[in-house]
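What follows is the residue order along each chain.
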Amino acid sequence: MAEATQEEVRVDVDGRTLKLSNLSKVLYPDTGTTKGEVLHYYAQVAPTLLPHLAGRGVTRIRWPHGTGDQSFFEKNLPSGAPDWLPRVTVTSSGSRGGGDRISYPFVDSLAGLTYLANLASLELHVHQWRFGKDGPVNPDRMVIDLDPGHPASLHECAQVALLVRDKLSSLGLPCVPVTSGSKGLHLYAPMPGDLTSDQVRDAARQIAEGLEKSHRSLVTSVMTKTKRPGKVFLDWSQNTAAKTTISPYSMRGALTPYAAAPRTWDEVEEGAEEVGALEQLTYDVVLRRLAEDGDLFADLLPTWDVPG
């Protein structure tokens with residue numbers, strides 16, 4: 001088995017020659033899912049995933065030895081990244097940035113996606129804004145991350161999602177639900193581009209605090225974990241300019257190969273009514289649903305272009 005994981009092949013992807021290695025290495029111990037299967041998933045989902053990554057710097061979480069081992073967070077381009085991989089370099093805006101420069105990769109092709117996946121970059125995280133010629137522009141979407149505090153689950157997240165949907169609808173905003181592939185549920189609403197990240201964050205916070213006041217037994221807007229057991233935390237802070245969220249259709253670094261999956265509101269409504277009716281989806285189920293139903297996240301593709 002050890003020899004099998006050392007296999008190396010050269011493949012042509014979008015006119016680029018890539019060296020893929022360790023295709024038999026198990027990256028998901030609970031299911032025996034290999035790196036080769038992960039690469040195959042990303043190749044199949046690429047036509048749908050790439051438009052949602054377009055114009056956004058991609059931060060990765062890598063599991064070189066599989067999800068049963070340690071991972072690391074990577075913003076900068078990997079060492080030895082090929083020259084053809086697009087990139088953008090900016091000054092860090094994070095609280096610990098200290099003026100550091102970050103070179104984010106753009107993932108605009110199957111070749112780029114394959115290169116990163118071959119490095120066991122299982123998770124792809126993006127901001128809610130895109131880059132223009134002069135740097136970041138205003139967000140094109142709002143995200144509200146519904147994070148259940150044990151013993152709350154996706155059942156309670158679904159109940160809160162319906163409350164958020166109604167609130168956003170009253171503001172004239174549609175939204176799309178996405179099971180995160182981890183514990184919770186993400187809700188995305190399109191933004192017209194006339195609000196800054198701070199303004200979108202503040203608007204999301206107002207929604208969270210309003211629902212907390214009217215549904216105190218179910219909802220919290222406070223990050224403190226000791227105040228979250230049995231409740232759903234509406235994480236409005238994911239809209240802060242420096243923060244990123246898992247991209248829809250990205251795999252997750254769990255022991256089971258889940259993926260962030262757009263869902264229908266019928267599914268969420270059923271999940272709100274019945275415990276266990278709404279569950280996280282594995283990558284193979286996500287592919288099957290794509291083949292049957294198309295991209296349920298397509299309405300969140302930006303309708304306006306960034307300068308440049």
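Throughout this document, residue positions are counted from 1 along each chain, in the order its sequence is written. Predicted model: local features are reported for residues with pLDDT of at least 70 only, side-chain atom pairs are reported and counted for 80 or more only, and whole-chain, interface and lining totals are derived from all residues. To get the side-chain values, take all heavy atoms of the structure and skip hydrogens and water.

Taking an unreviewed UniProt entry as the reference, the chain is identified by name as Bifunctional non-homologous end joining protein LigD belonging to Nocardioides marmoribigeumensis.

Next up on the list: helix α3 (residues 154-170). Helix length check: α3 (17 residues) gives 24 Å between terminal C-alpha atoms against 24 Å at 1.5 Å per residue, within 8%. Buried, partly exposed and exposed residues are distinguished by accessible area as a fraction of the type maximum, computed with a 1.4 Å probe on protein chains only: under 20%, between the cut-offs, and over 50%, respectively. Where helices and strands are cited, they refer to DSSP runs of H or I of at least four residues and of E of at least two residues respectively, numbered from the N terminus. Taken as a whole, α3 has its buried residues at L154, H155, E156, C157, A158, V160, A161, L162, V164 and L168. In the stretch just after α3, G172 is the one whose phi turns positive, near 80°. Given a helix with a known number of residues, its expected span is that number minus one, times 1.5 Å.

For the rest of this paragraph, the subject is unusual backbone geometry. Residue H150 is joined to P151 through a cis peptide bond whose omega torsion reads 10°. The residue P151 is located in the loop between β12 (141-148) and α3 in this model. One non-glycine residue, N22, adopts positive backbone phi at about 55°. Structurally, N22 can be placed in the loop between β2 (16-21) and β3 (26-28). The class for N22 is buried, based on a relative accessible area of 16%.

The strands making up a sheet associate through backbone hydrogen bonding, with each pair oriented either parallel or antiparallel. Pairing between two strands is assigned when DSSP locates at least 2 bridges connecting them. Here 6 strands make up an open sheet; going across it, the order is β15-β16-β12-β14-β13-β19 and the pairing mixed. Of all strands in the sheet, those with a lone pairing partner are β15 (219-220) and β19 (261-262), marking the two edges. Relative to strand β14 (residues 185-190), strand β13 (residues 176-179) runs antiparallel, the two sharing 4 bridges. Residue P177 lies in a different strand from β14, and its bridge partner there is L187. Throughout, a residue-residue contact means that at least one pair of heavy atoms, one from each residue, lies within 4.5 Å. Where helices are involved, their axes are fitted lines through C-alpha atoms of the stretch in contact, as for all axes, and angles between N-to-C directions lie from 0 to 180°. Taken strand by strand, α3 contacts β12, β13, β14, β15 and β16 (232-235), and its axis lies near 15° from that of β14.

We now examine the packing of aromatic side chains. Aromatic contacts are taken between Phe, Tyr and Trp rings whose centres are within 6.5 Å, Trp giving its six-membered ring; a plane angle under 30 degrees counts as stacked, one over 60 as edge-to-face, and the others as tilted. Inspection of every chain in the model, using the stated rule, returns 6 aromatic pairs. Taking the centre distance of 6.3 Å and the plane angle of 50° together, the rings of Y104 and F131 count as tilted. One end of the pair, Y104, is in strand β8 (residues 101-105); the other, F131, is in strand β10 (residues 131-132), and 27 residues separate them in sequence. Take Y104 and F131: they sit in the same class, and that class is buried. When the ring of F106 is compared with that of F131, the centres are 5.8 Å apart and the planes differ by 70°; the resulting orientation is edge-to-face. With a gap of 25 residues between them, F106 in the loop between β8 and α2 (110-118) and F131 in strand β10 connect regions that are remote in the sequence. An identical accessibility class is assigned to F106 and F131; each is buried. Ring-pair connections join several aromatic residues into one group, and the members of that group are Y104, F106, W129 and F131. In our convention, an over-ring charge means Lys NZ or Arg CZ found within 6 Å of a ring centre and within 35 degrees of that ring's normal. Sitting over the face of the ring of W304, R130 holds its NZ or CZ atom 4.9 Å from the ring centroid. A cation over a ring is seen here: R165 above W265, with NZ or CZ 4.8 Å from the ring centre.

Within strand β9 (residues 121-126), 6 of the 6 residues are buried, leaving the element largely enclosed by the surrounding structure. Judged from the 4 bridges that link them, strand β5 (residues 59-62) and β9 form a sheet pairing that is antiparallel. When the sheet's bridge partners are listed, I61 is paired in β9 with E123. Sheet topology places β9 next to strand β17 (residues 245-246); 2 bridges connect them, and they run antiparallel. Residue pairing across strands places V126 opposite T245, the latter belonging to β17.

Moving on: the environment of D166. Its location among the elements puts D166 in helix α3. Given the relative accessible area of 46%, D166 is considered partly exposed. As a C-alpha pair, D166 and E209 span 43 residues in sequence and 15 Å in three-dimensional space.

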